[in-house]
Amino acid sequence: MFRTRLLSGVVLVILALLFIVTGGTVLLISTCVISLIGLFEYYRALGLHKEPAAWCGYIFTLVYYWALRTNNLVEGKTVIPIVMLIVCLVIAILFFYVFSYPKLLIEQIAELFFGPVYVSVMLSYIYQARIYTHGKYLVWLIFLTAWGCDTCAYCAGRLFGKHKMAPVLSPKKTIEGGIGGLAGAFLLNLIYMMIFRQHLTYLGTNGIIILSILSCIGALISMVGDLAASAIKRNAEIKDYGKLIPGHGGILDRFDSVLITAPVIYYLITFMI
């Protein structure tokens, strides 16, 4: 099991390197595909994947990513307002709610709307960070924060963990592990930015240290994202979102912390720059 998980992890890292280093349309399409798969896993977990209304989420995802690309190509002008797309998503889902009544409950309508925002919009900040100023270097802070925190928290928890962080949601997660995750994310981001500081001269040494410290906020929130995904799975009474990634589960099982970390790191970067 460990070998399978390790090999899958190596493949994921290689693919992440390939897509993010290439950037542009390649990253946009790959992120869009990952979002569609993740959204399907989310809907399936809640038993909504066969509902016609689920197509509102899929279509929104496709149009949303197309809008991101279109708006990026036209400098200084927003061709397709993102807020307008979200409003259209609400209207479309309400259309199915009304004309299929009483098949769908209001809770399911909320879940149908939440999915595209939770998965597609949040994950898109990987692409948005990549196309931002000096994004080809700063986008990696998302993964160093999310996956770095997760790995360091796991190691610290195994070595020093005694006090449960969220015993109901995730019995194996400890406060000591969480502290180790925050420290690990800080050090990984600091070391990374110091190595590439010649490409980040506008930040300066103080800026690099401050951004590394602020990344702890992203690491803390990444743990919330991980626990939130566990809460959804417990409510849905499933262990994993899928089996697409051997040893890891589904797309959402691997990207649960990245989803919520990506926008946080993106806005920390824009704040610093």
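Cut-off values and rules
Residues numbered from 1 in each chain as written. Predicted model: local features only at pLDDT ≥ 70, side-chain atom pairs only at ≥ 80, totals over all residues. Heavy atoms only, no water. Core = buried A, V, L, I, M, F, W, Y, C linked by side-chain atoms within 4.5 Å. Buried < 20%, exposed > 50% of the residue type's maximum accessible area, 1.4 Å probe, protein only. Helix = DSSP H or I, 4+ residues; strand = E, 2+ residues; numbered from the N terminus. Contact = heavy atoms within 4.5 Å. Axes fitted to C-alpha atoms, helices over the stretch in contact; angles between N-to-C directions. Parallel < 35°, antiparallel > 145°, perpendicular 65-115°, else oblique. Left-handed = near helix turned anticlockwise from the far one by under 90°. Nonpolar A, V, L, I, M, F, W, Y, C, P; charged D, E, K, R; others polar. Phe/Tyr/Trp six-rings, centres within 6.5 Å; stacked < 30°, edge-to-face > 60°. Salt bridge = Lys/Arg side-chain N within 4 Å of Asp/Glu carboxyl O.

Chemist: So what's going on with the nonpolar core? Which residues, and what values?
Modeler: Counting 69 residues, the largest nonpolar core has Leu 112, Ile 126, Ile 142 and Val 258 as its most contacted members. A per-element tally of this core places helix α11 (residues 251-272) first, with eleven residues. Excluding residues within four positions of it along the chain, Val 258 makes contact with Leu 123, Ile 126, Ile 142, Phe 143, Ala 146 and Trp 147.

Chemist: Explain the packing of helix α3 (residues 54-73) against helix α4 (residues 82-99) to me, using residue names and the numbers behind them.
Modeler: Contact geometry of α3 with α4 gives a least axis separation of 10 Å together with a crossing angle of 170°. Between α3 and α4, the interaxial angle falls into the category roughly antiparallel. The crossing of α3 and α4 is right-handed. Two secondary-structure elements touch here, α3 through Cys 56, Gly 57, Phe 60, Val 63, Tyr 64, Ala 67, Leu 68 and Asn 71 and α4 through Ile 82, Leu 85, Ile 86, Leu 89, Ala 92, Ile 93 and Phe 96. Of the residues assigned to the contact of α3 with α4, the class counts are 13 nonpolar, two polar and no charged.

Chemist: Would you mind going over the packing of aromatic side chains in detail, with residue names and values included?
Modeler: Tallied over the entire structure, the rule returns 20 aromatic pairs. Taking the centre distance of 5.8 Å and the plane angle of 75° together, the rings of Tyr 132 and Tyr 266 count as edge-to-face. Taken together, the residues Tyr 132 in the loop between α6 (125-130) and α7 (135-138) and Tyr 266 in helix α11 connect sequence positions 134 residues apart. Judged by centre distance (6.2 Å) and plane angle (50°), the rings of Trp 140 and Phe 143 are tilted. Separated by three residues within a single helix, Trp 140 and Phe 143 lie in helix α8 (residues 140-160), roughly one turn from each other. The buried category is assigned to Trp 140, whose relative accessible area is 16%. A connected cluster of aromatic rings, assembled from ring pairs, spans Tyr 42, Tyr 43, Trp 55, Tyr 58, Phe 114 and Tyr 118.

Chemist: A description of the pattern of salt bridges should follow, citing residues and the corresponding values.
Modeler: Scanning all chains against the criterion turns up five salt bridges. Salt-bridge contacts for Arg 254 lead to Asp 150; the nearest nitrogen and oxygen are separated by 3.3 Å. Placement of Arg 254 in helix α11 and of Asp 150 in helix α8 is noted, with a sequence separation of 104 residues between them. Accessibility expressed as a relative area gives 13% for Arg 254, which makes it buried. Linking Asp 240 and Lys 239 is a salt bridge whose minimum nitrogen-to-oxygen distance equals 3.8 Å. The exposure class of Asp 240 is partly exposed, given its relative accessible area of 32%.

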